[in-house]
Amino acid sequence: MADEKIKNKNRLVDSNGIRLAPTPIRNSDYHVLPSVRQEFVLEPSLQIDEPRDEISHEVSTTNDFQPKVKDKNKKWKRQKRGKNIVFGAIMIVFTVIVVLPYILAAIGQEASLPIKYVPTELNAIGNVIDAFKVSAENGWASGAVKEVWLDAVPSLVLCFGLLFLVFNAIKSLCALLGAVRPVKYIANAIVYLVCVLTVLVIYLMGVNLFSVAQIDFMDDFLRAYSTSELFALVVLAIANVIVSMICTLINKDKLGYIG
């Protein structure tokens with residue numbers, strides 16, 4: 001036989017002397033090694049590389065720090081009081097400038113200025129006082145009472161806005177007395193501006209029920225600005241909002257580092 005195998009005690013080879021694979025041993029003759037388990041501790045980490053094109057920010061200093069409530073000291077409070085006094089003085093002066101025309105008109109005074117600073121037709125305080133007088137004389141029941149109050153609707157709208165200017169004046173006085181917390185004036189100034197713009201819309205539309213004749217925006221408001229009561233009221237109201245925003249935003253209270 002060509003592939004006759006030659007066996008001996010220690011090895012298994014073919015006729016050419018090439019060693020053959022050993023005969024598989026029986027299952028009962030081998031041993032299984034015990035399983036080995038090794039525990040690895042995983043520690044997650046986060047690494048963020050800075051972008052190469054990122055612009056480096058300036059280093060924050062102690063001047064950028066606004067203390068929290070518990071960290072406020074006497075020096076910080078003095079600085080806050082000083083700011084409140086300065087901006088409170090500015091606001092009370094400008095509030096007086098806006099309210100003064102109504103007071104002068106109520107007492108019958110005039111002012112020589114490039115604009116119609118003291119109103120005549122829109123004498124809000126005087127018109128409301130006259131409406132109360134007419135109502136009292138007629139016993140609050142006649143047709144004249146209804147008519148006079150309808151005519152006073154624009155003045156009532158302006159008086160409603162003046163109440164919020166009075167609130168700003170009270171806030172300004174509190175600031176002058178040394179308030180530590182920043183005083184905000186924007187909301188009240190905006191309410192007054194809305195009231196003035198409402199009256200402007202009434203005049204641009206012309207409402208016969210309120211005895212208001214329609215005006216032209218270009219001819220009666222812009223071109224005739226020097227004699228237009230509405231123009232002066234709108235300009236002063238807008239300027240009041242701007243000043244209020246400046247006094248409020250500059251004196252804004254910030255806590256922690258300014259990032």
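Just above sits the structure.
Structure report, in brief. (Residues numbered from 1 in each chain as written. Predicted model: local features only at pLDDT ≥ 70, side-chain atom pairs only at ≥ 80, totals over all residues. Heavy atoms only, no water.)

Before going further, it helps to spend a moment on the packing of helix H2 (residues 124–137) against helix H3 (residues 143–151). Between H2 and H3, whose axes approach to 9 Å, the crossing angle comes to 175°. Of the possible angle classes, the one that applies to H2 and H3 is roughly antiparallel. In this structure, H2 uses Val128, Ala131, Phe132, Val134 and Ser135 to contact H3, whose residues at the interface are Ala144, Val145, Val148 and Trp149. Residues of the contact of H2 with H3, tallied by class, amount to eight nonpolar, one polar and no charged. (Axes fitted to C-alpha atoms, helices over the stretch in contact; angles between N-to-C directions. Helix = DSSP H or I, 4+ residues; strand = E, 2+ residues; numbered from the N terminus. Parallel < 35°, antiparallel > 145°, perpendicular 65-115°, else oblique. Contact = heavy atoms within 4.5 Å. Nonpolar A, V, L, I, M, F, W, Y, C, P; charged D, E, K, R; others polar.)

Time to look at the packing of aromatic side chains. Under the counting rule described, the total for this entry stands at six aromatic pairs. Here the aromatic rings of Phe160 and Phe164 are separated by 5.2 Å at their centres, their planes lie at 70°, and the arrangement is edge-to-face. Here Phe160 pairs with Phe164, and both are found in helix H4 (residues 153–176), just four residues apart, close to one helical turn. You can call Phe160 partly exposed: its relative accessible area is 45%. When the centroid spacing of 5.1 Å and the interplanar angle of 20° are considered together, the rings of Phe217 and Phe221 count as stacked. One end of the pair, Phe217, and the other, Phe221, are both in helix H6 (residues 217–223), four residues apart, so they sit about a helical turn from each other. When its relative accessible area of 37% is taken as the criterion, Phe217 is described as partly exposed. Ring-pair connections join several aromatic residues into one group, and the members of that group are Phe217, Phe221, Tyr225 and Phe231. (Phe/Tyr/Trp six-rings, centres within 6.5 Å; stacked < 30°, edge-to-face > 60°. Buried < 20%, exposed > 50% of the residue type's maximum accessible area, 1.4 Å probe, protein only.)

Taken together, the side chains of Lys74, Lys75, Lys77, Arg78 and Arg81 define a basic patch exposed on the protein surface. Structurally, the position occupied by Arg78 is in helix H1 (residues 74–106). (Patch = residues over 30% accessible without salt bridge, like charges linked within 9 Å, V, L, I, M, F, W, Y side chains within 5 Å. Areas by Shrake-Rupley, 256 points an atom, 1.4 Å probe, with all protein chains shown as cover. Salt bridge = Lys/Arg side-chain N within 4 Å of Asp/Glu carboxyl O. Lys, Arg positive; Asp, Glu negative; His and termini not counted. Charge placed at Lys NZ, Arg CZ, Asp CG, Glu CD.)

Here we come to the state of the cysteines. Disulfides are covalent bonds that link the sulfur atoms of two cysteine residues. What the rule picks out here adds up to zero disulfides. With no disulfide partner, Cys159 has as its closest neighbouring cysteine sulfur the one in Cys195, 10.0 Å distant. (Disulfide = S-S within 2.5 Å.)

What follows concerns a nonpolar patch on the surface. A contiguous nonpolar surface patch, about 460 Å² in accessible area, is contributed by Phe160, Leu163, Val166, Phe167 and Ile170. Relative accessible area serves as the criterion here: at 42%, Phe167 is assigned to the partly exposed category.

This part takes up the packing of H4 against helix H5 (residues 186–205). For the pair H4 and H5, the least separation of the axes is 8 Å and the interaxial angle reads 165°. The angle between H4 and H5 falls in the class roughly antiparallel. Here H4 and H5 pass one another in a crossing that is left-handed. Two secondary-structure elements touch here, H4 through Pro154, Val157, Leu158, Phe160, Gly161, Leu162, Phe164, Leu165, Phe167, Asn168 and Lys171 and H5 through Asn188, Ala189, Val191, Tyr192, Cys195, Val196, Thr198, Val199 and Tyr203. For the contact of H4 with H5, a count of residues per class yields 15 nonpolar, four polar and one charged. (Left-handed = near helix turned anticlockwise from the far one by under 90°.)

Moving on to helix H7 (residues 229–250). For H7, built from 22 residues, the straight-helix expectation of 32 Å at 1.5 Å per residue is met to within 8% by its first-to-last C-alpha distance of 32 Å. Looking at where H7 begins, the residue whose side-chain oxygen comes 3.2 Å from the main-chain nitrogen of Phe231 is Ser228. (Expected span 1.5 Å × (residues − 1). Polar contact = N/O pair within 3.5 Å; in protein donor to acceptor, adjacent residues only side chain to side chain.)

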